[in-house]
Protein chains: 2
Amino acid sequence: MKCSVYIATSTDGFIAKPDGDIKWLLRSEYEDAANVGLVYAEFISTVDAIVMGRHSYEKVLTFDEWYYEGTEVIVLTTQDLTPPEHLTGKVRFESATPHEIAAKLAEEGKKHLYIDGGITIQRFLEAKLIDELTITVIPILLGSGIPLFGNKGNEQPLELIEVFTAASGTVQKRYRVKSV
Amino acid sequence: MKCSVYIATSTDGFIAKPDGDIKWLLRSEYEDAANVGLVYAEFISTVDAIVMGRHSYEKVLTFDEWYYEGTEVIVLTTQDLTPPEHLTGKVRFESATPHEIAAKLAEEGKKHLYIDGGITIQRFLEAKLIDELTITVIPILLGSGIPLFGNKGNEQPLELIEVFTAASGTVQKRYRVKSV
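Keep in mind that what you see is a predicted model, and the values were worked out from it rather than measured.

(A) How the structure looks around the overall build of chain A. Along its length, chain A carries five helices and 11 strands. Taking 16 Å as the expected radius of gyration for a compact globule of 180 residues, we find that chain A reaches 16 Å, a close match to that expectation. With respect to the three principal axes, the spread of C-alpha positions in chain A is 40 × 40 × 30 Å. Taking all 180 residues of chain A together, 52% fall into the buried category. Restricting the contact set of chain A to residue pairs at least 6 apart, pairs at least 24 apart contribute 69%. Surface exposure of chain A reaches about 8400 Å², of which carbon and sulfur atoms provide 49%. Separation of charge centres in chain A, based on 18 positive and 26 negative side chains, amounts to 4 Å.

(B) Region of interest: the interface of chain B and chain A. Residue-level contacts link 32 residues of chain B with 32 residues of chain A. With both chains or domains summed, chain B and chain A bury close to 2600 Å², and 61% of this area falls on carbon and sulfur atoms. It is L141(B), N151(B) and E155(B) in chain B that bury the most area against chain A; as a group they hold 23% of the surface buried on that side. Where chain B touches chain A, the interface holds two salt bridges. Its salt-bridge partner being E155(B), residue K17(A) comes within 2.8 Å of it at the nearest N-O pair. Along the contact surface separating chain B from chain A lie 12 residue pairs in polar contact (both at pLDDT 80 or more).

(C) The arrangement of the sheet that holds strand β8 (residues 140-141) of chain A in detail. Pairing in this open sheet of nine strands is mixed, and the strands run β8(A)-β10(B)-β11(B)-β7(B)-β1(B)-β6(B)-β3(B)-β4(B)-β5(B) from one edge to the other. The strands lining the two open edges of the sheet, one partner per strand, are β8 of chain A together with β5 (91-94) of chain B. Direction of pairing for strand β10 (residues 156-165) of chain B relative to strand β11 (residues 171-177) of chain B: antiparallel, over a ladder of seven bridges. Counterpart to E162(B) in the pairing with β11(B) is R174(B). In the packing of helix α4 (residues 98-107) of chain B onto the sheet, the strands contacted are β3 (49-53), β4 (72-76), β5 and β6 (112-116) of chain B, and the crossing angle to β5(B) comes to about 135°.

(D) Inspection of helix α3 (residues 54-61) of chain B at higher detail. All names here are of chain B. Restricting attention to buried positions, one finds in α3 the residues S56, Y57 and V60. End-on view of α3: buried residues confined to an arc of 100°, all on one side of the axis. Elements that come into contact with the buried residues of α3 comprise β3, β4, β5 and β6.

(E) Representation of the packing of aromatic side chains in the model. Residue and element names in this part refer to chain B. Applying the stated criterion to the full structure yields 14 aromatic pairs over all chains. Judged by centre distance (5.4 Å) and plane angle (80°), the rings of Y57 and F93 are edge-to-face. Linking Y57 in helix α3 with F93 in strand β5, this pair joins segments that are 36 residues apart in sequence. Exposure remark for Y57: the relative accessible area of 3% places this residue in the buried category. Plain terms: the ring middles of W66 and Y68 are 5.2 Å apart, the flat faces sit at 85° to each other, and that makes the pair edge-to-face. Here W66 and Y68 have matching classes, each one buried.

What counts, and at which threshold
Residues numbered from 1 in each chain as written. Chains lettered and ligands numbered in written order. Predicted model: local features only at pLDDT ≥ 70, side-chain atom pairs only at ≥ 80, totals over all residues. Heavy atoms only, no water. Helix = DSSP H or I, 4+ residues; strand = E, 2+ residues; numbered from the N terminus. Rg over C-alpha atoms; globule rule 2.2 N^0.38 Å. Buried < 20%, exposed > 50% of the residue type's maximum accessible area, 1.4 Å probe, protein only. Contact = heavy atoms within 4.5 Å. Areas by Shrake-Rupley, 256 points an atom, 1.4 Å probe, with all protein chains shown as cover. Lys, Arg positive; Asp, Glu negative; His and termini not counted. Charge placed at Lys NZ, Arg CZ, Asp CG, Glu CD. Buried area = accessible area lost by both parts, 1.4 Å probe. Salt bridge = Lys/Arg side-chain N within 4 Å of Asp/Glu carboxyl O. Polar contact = N/O pair within 3.5 Å; in protein donor to acceptor, adjacent residues only side chain to side chain. Pairing = 2+ DSSP bridges. Axes fitted to C-alpha atoms, helices over the stretch in contact; angles between N-to-C directions. Arc of directions from axis to C-beta. Phe/Tyr/Trp six-rings, centres within 6.5 Å; stacked < 30°, edge-to-face > 60°.

Structure, rendered in structure tokens:
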């Protein structure tokens, strides 16, 4: 079982503004595949399931489009939620620790999980379950917001796999997390 | 007057461990000039003065060597401090806002300030006084520590000047802060 993070951050390490706004990120120049190294479509094609927290799920529900067609989404929540009709069979809700959810999905035959959302990523990092990090750094200081990384994790050495620099100033760094 | 930041962080954005420890940073592979783009010696040669906070000052006092020979160090503090004898004339203490200190040093003819230390950098960023950021990202997750960036600054767009990737996995990013 491999768990990967694929995420964009501001240069000061935020994944969204304090209110969850990510419009600063969705600029036309970043939608162009030439502006990142490992593009989203390529990454998602290697993934068996997406694990995200409730906050991220509620955010993506507000988008015009469901971005995860063809890939099962597991939402970690302790709330008793029901997906909207058009997402029946595409989304399920689970309440479990990162280790429990990884074990359950591995039993189901899943080999590569996409871990998404600040708190969920932090929980999987704390559990030392993340194998690969692809971080696309946007050339902006937000000043405040929702941070990618928390402040109560473990020390984990990384191996840099690749750096891609776009003309727009975006820098994509891809790391393997080394087991210690 | 130009204000620059030249600093190393972990991949999760910390400049030191929670207790101020920076041994994770001072590895032999990072001391090698081939492992960063703009090396410290080159950067410091362009600087007229260094502005740091008391915490950074107290940290560098514990080092075997005084790293700032030939460059005046201004320590921002509200405490009534006296430098140790060997640093007389090399260090002075000021209590002022970033705008006040920048104006004062500009009046003295200083053209390029090196702004150092987490809290001091954050205060200068909040005051929109930082012109250039050189961030050397070390391939390690610390998990917790003293963050480079705070969570109460301003949105400021950046222009990427240069990226340098070392075989060791260190990525140095240099940005110009665009005025808005």
